[in-house]
Amino acid sequence: MNKYIERVLEETRAKNPDQVLFQQTVEEVLKSVEPLIDAHPEYEAACILERMVEAERAIEFRVVWMDDQLKYHVNRGYRVQFNASLGPYKGGLRFSSKVNLDTIKFLGFEQVYKDALTGLPIGGCKGGSDFDPIGKSDGEVMRFCQAFMTELYRHIGPDVDSPAGDVGVGGREIGYLYGQYRRIMGLSGLGALTGKDVKTGGSILRPEATGFGAVYYLCEALKHDGEEIKGKRLAISGYGNVGWGIMKKAAELGAKVTYFAGPDGYIHDPDGVCTDEKLNFILEMRAKDPMHCKPYAEKFGCEFVEGQKAWGVKDVDIYMPAATQNDVNMDWAKKIAESGVKYYIEVANMPTTNDALAFLKSQKNLVVAPSKAVNACGVAVSELEMAQNAQRLYWTAEEVDAKMHGIMVNIYNSSVKAAEKYGLGYDLVAGANIAGFERVADAMLCQGIF
Ligand code: 2IT
């Protein structure tokens, strides 16, 4: 391995000994950009890698709120502003009991290259809290969001940092956060948050953007092999905003999601989640109880396999992990390889462990695509929301959709080109990392010392 990369990886491990997710993503990105680092000695001279692995700013704060029984609770809030060399910090907020600084640093690091890949003027960051919205009343969620924003407001703004949603943060939470931001600031500050409901300044298609974009990317990968999406069967994990968007767009294009997994097990619906009735049922089921997908099987009379993931099933054409990080480890990766399925399209942020990803990439007949390219349409439409807010106007669904499609085609093409340029052949994972990384590194060089 390139000595410079090796040294920075060692230093990163030593400086962040407990942050295993952060170490995982740094290792994955830095190793895959090796040909780029070899070709650019000026990066080492300017300490580009040392700077890339150090957040520009990491904010940790106390969030105190009261539940419906007037009992006090104390949570931890985070905003890790990783790199703004391309534009204002942009990235989601994750609310989950599992969130810690490691989670937010890994997501923030990934976000830098994802945001760069969109070709739009946005830097990368992430935030969140160990607050778990599951099982909380609307009032509790609102009071938590207000308390969270009472600290966060001083660190954000339309030209500074614009948070959006992620796991556990949807339109409802963004609405409460935005209301509190306005209350404190005494101004509209529309672009200070994205993922807002269309009724309160949001962009049409933002909720669907990540899932739709993932399918647009998939269409490009299929086209490369002379295939088309029509008639394809998909197995996915997750049925949140992203999974749901995949189901909807796949159905529109004549494909179908025949397997989907939730925290309690997986569903096998051979007819696919294709009808409005099924898509609407998933929305209702999720709103009532996001931890169980079994009611879908009961309602539509199909198979439910408790406590299992669908990775390894053979009667599909494409796998799309769209749930959470490290969903697919080496054991699952072996089952995926044995299944003979031709496409492994990551959607959730870092859904594959590094050893599993390397193993899957080494399979001759498997096309592997990385999440930071595939799921980039969510943040891209967030940026389109900022652009609409700045212009004080709204674009139509057709306008937003056309831009989404163009951005995803461009991400796919620039990844292919970057891999080819550095002699890696058809490598969508390294290509995406290199294309994103190069854009950020070159902006940093232009700006001198930061
Ligand atoms: O992982 C992601 O790209 C997001 N959670 C969306 C970030 C955004 O600013 O829309």
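Residues numbered from 1 in each chain as written. Predicted model: local features only at pLDDT ≥ 70, side-chain atom pairs only at ≥ 80, totals over all residues. Heavy atoms only, no water.

Draft legend 1. Here's a closer look at the pattern of salt bridges. Under the criterion given, the structure shown has 28 salt bridges. Here Arg 7 makes a salt bridge to Glu 50, at a shortest N to O gap of 3.3 Å. With Arg 7 in helix 1 (residues 3-15) and Glu 50 in helix 5 (residues 48-52), the pair connects residues that are 43 residues apart, well separated along the chain. Look at Arg 7 and you get partly exposed, because its relative accessible area is 34%. Ionic pairing is found between Glu 227 and Lys 342, a salt bridge with its closest N-O pair at 3.6 Å. Taken together, the residues Glu 227 in the loop between helix 9 (206-224) and strand 6 (233-237) and Lys 342 in the loop between helix 13 (330-339) and strand 11 (343-345) connect sequence positions 115 residues apart. In this structure Glu 227 comes out as partly exposed when scored by relative accessible area, which is 29%. With relative accessibility at 34%, the residue Lys 342 sits in the partly exposed group. (Salt bridge = Lys/Arg side-chain N within 4 Å of Asp/Glu carboxyl O. Helix = DSSP H or I, 4+ residues; strand = E, 2+ residues; numbered from the N terminus. Buried < 20%, exposed > 50% of the residue type's maximum accessible area, 1.4 Å probe, protein only.)

Draft legend 2. Spotlight on the site of the ligand. Every one of the 14 residues lining the ligand counts as a neighbour, but Lys 90, Lys 114, Asp 166, Arg 206 and Ser 382 are closest to it. One of the side-chain nitrogen or oxygen atoms of Ser 382 is found 2.5 Å away from an oxygen atom of the ligand. When the ligand is considered free in solution it has 300 Å² of accessible area, and contact with the protein chains removes 94% of it. Where the shell around the ligand is concerned, the elements lending two or more residues are strand 3 (89-95), helix 6 (101-117) and helix 16 (377-391). A breakdown of the residues in the shell around the ligand according to their chemical character gives two nonpolar, seven polar and five charged. (Near = heavy atom within 4 Å. Polar contact = N/O pair within 3.5 Å; in protein donor to acceptor, adjacent residues only side chain to side chain. Areas by Shrake-Rupley, 256 points an atom, 1.4 Å probe, with all protein chains shown as cover. Nonpolar A, V, L, I, M, F, W, Y, C, P; charged D, E, K, R; others polar.)

Draft legend 3. Region of interest: the environment of Gly 425. Following the sequence through the fold, Gly 425 ends up in the loop between helix 17 (397-421) and helix 18 (428-446). Setting aside its immediate chain neighbours within four residues, Gly 425 contacts Ala 419 and Glu 420. (Contact = heavy atoms within 4.5 Å.)

Draft legend 4. Focus on the sheet that holds strand 10 (residues 318-321). Taken together, the seven strands give an open sheet; going across it, the order is 9-8-7-6-10-11-12, and neighbouring strands pair in mixed fashion. Each having just a single partner strand, strand 9 (303-306) and strand 12 (367-369) make up the two edges of the open sheet. Put simply, the sheet's adjacent strands are angled 15° from each other on average, direction ignored. Where strand 6 lies against strand 10, four bridges are found, and the strand directions are parallel. (Pairing = 2+ DSSP bridges. Axes fitted to C-alpha atoms, helices over the stretch in contact; angles between N-to-C directions.)

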